[in-house]
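If you want the building blocks of each chain, they are given just below.
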Amino acid sequence: MKLLKFLQAQGIGSRKICQKLIKSGRVCINGEVWCDTEQDTGEVRSLHIDDEDVWLMPLPYYYLVLNKPAGYEVSQRPRDYPSVFALLPERLRDTGVQAVGRLDADTTGVLLFTNDGTFNHRMTSPKHQVAKYYAVTLKHDADDGLCARLQAGVLLHDDDETVAADHAELLNPRQLRLCISQGKYHQVKRMVAAAGNRVEKLHRERFHVWDTQGLAAGEWCFVKPATSALCG
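Nothing here was measured: the structure is a model prediction, and the numbers come from that model.

Enquirer: I'd like a rundown of the packing of aromatic side chains, residues and numbers included.
Expert: Evaluation of the coordinates by the stated rule reveals seven aromatic pairs. One aromatic cluster is present, formed by Trp55, Tyr62, Trp220 and Phe222 through successive ring pairs. Between Arg91 and the ring centre of Trp55, over which it is positioned, the NZ or CZ distance is 4.1 Å.

What follows is the structure in C-alpha cells.
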C-alpha cells in the first residue's frame with residue numbers, strides 16, 4: 001500500500017492532511033523518515049508522527065471486541081443515551097467502523113466492531129445461526145420448567161413463528177444462562193417474557209468464539225476473525 005493511502009487507512013487524517021505530514025518530513029516508518037507519498041509501505045512495524053508513537057490498526061480489515069457498559073446506545077445517532085461509538089478512539093470512528101449487531105442500552109457485555117462488511121453480514125445474518133451466550137438475571141424465581149419452555153420454543157408477541165434457545169440452564173432460581181442463534185429484536189427479553197418471566201439484567205458473555213477478553217467495562221481490544229466464522 002502506498003504511504004499516502006496507508007496513513008489515510010490508519011485514520012490519521014484527510015488526504016490533504018496526510019500529504020502535508022509526509023512532505024514536511026513528519027512521518028517515520030520503521031525508524032526512517034519517509035517523504036514520498038507514493039512509496040510502498042510494505043511491512044510496517046512502527047509508525048511515528050512528530051516523534052510520537054502511533055498504534056497501528058490491522059489492515060485492510062480490523063475486528064475488535066468492546067466490553068459494553070450499561071447506559072450506551074449502539075447507534076451513530078443516539079436518542080436517549082450516549083453513543084457506544086464514543087468509547088472508541090476517534091481514529092477508528094473516522095475509518096467507518098460498524099457495530100456487529102446491537103445490544104440494548106441497558107445490556108452489557110461482548111459487542112463486536114469491524115470495517116469488514118462481509119464479516120458483519122456473516123455474523124448477523126439469521127441463516128448463519130451464529131451462537132450468542134447470555135447471563136440473564138430474572139425478575140421472578142424460576143424452575144427447570146422455564147428452561148424446558150425456552151428450549152422447546154416460544155411464540156414471541158407480535159410474531160408468527162416460535163423461536164427456541166439452543167441451550168438454557170438455571171444456575172439458581174434468579175440466574176439463567178442462555179444460548180441463542182437467531183438474533184431477533186429484543187429476542188432474549190421477549191423469549192423470557194413469552195416463557196412466563198421477566199429479564200431484570202442482561203449480559204452477553206460471548207459472541208461466537210469471542211468473550212470479553214478480560215476487559216473492564218468500556219474497554220476494547222483488537223481480535224482476530226475466527227476462520228470458522230467466515231465460512232459459508
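Enquirer: Can you explain the domain arrangement of the protein chain? Please cite residues and give values.
Expert: Considered domain by domain, the protein chain is made up of domain 1 (3-54), domain 2 (63-127 + 209-223) and domain 3 (132-207). One C-alpha centre belongs to domain 1, the other to domain 2; they are set 28 Å apart.

Enquirer: Outline the UniProt feature "domain: Pseudouridine synthase RsuA/RluA-like" (unreviewed entry) in the protein chain, supporting the account with residue identities and numerical values.
Expert: Following the UniProt record, the feature "domain: Pseudouridine synthase RsuA/RluA-like" (unreviewed entry) maps to residues 62-194 here. The distance from the first to the last C-alpha atom of residues 62-194 is 38 Å, and the span holds 22% helix and 29% strand.

Enquirer: Please provide a residue-by-residue account of helix α6 (residues 187-194), values included.
Expert: Those residues of α6 that sit buried are Gln187, Val188, Met191 and Val192. Seen end-on, α6 carries its buried residues on one side only, within an arc spanning 125°.

Enquirer: Got a sec to walk through the UniProt feature "domain: RNA-binding S4" (unreviewed entry) in the protein chain? Specific residues and values, please.
Expert: In this numbering, the UniProt entry assigns the feature "domain: RNA-binding S4" (unreviewed entry) to residues 1-33. Summarising residues 1-33: 48% helix, 15% strand, and an end-to-end C-alpha distance of 17 Å.

Enquirer: How would you summarise the pairing of strand β7 (residues 108-114) if you had to cite specific residues and measurements?
Expert: A large share of β7 lies buried, amounting to six of its seven residues. For strand β6 (residues 98-100) and β7, the ladder comprises three bridges, and the chain directions are antiparallel. In the strand pairing of β7, Gln98 is matched with Thr114. In this structure, β7 lies alongside strand β13 (residues 199-207), joined through two bridges in parallel fashion. Bridging from a neighbouring strand, Gly109 pairs with Arg204 of β13.

Basis of the calculations
Residues numbered from 1 in each chain as written. Predicted model: local features only at pLDDT ≥ 70, side-chain atom pairs only at ≥ 80, totals over all residues. Heavy atoms only, no water. Phe/Tyr/Trp six-rings, centres within 6.5 Å; stacked < 30°, edge-to-face > 60°. Lys NZ or Arg CZ within 6 Å of the ring centre and 35° of its normal. Domains from an automatic or database assignment. UniProt positions renumbered as here; feature names shortened; annotations may be inferred. Helix = DSSP H or I, 4+ residues; strand = E, 2+ residues; numbered from the N terminus. Buried < 20%, exposed > 50% of the residue type's maximum accessible area, 1.4 Å probe, protein only. Arc of directions from axis to C-beta. Pairing = 2+ DSSP bridges.

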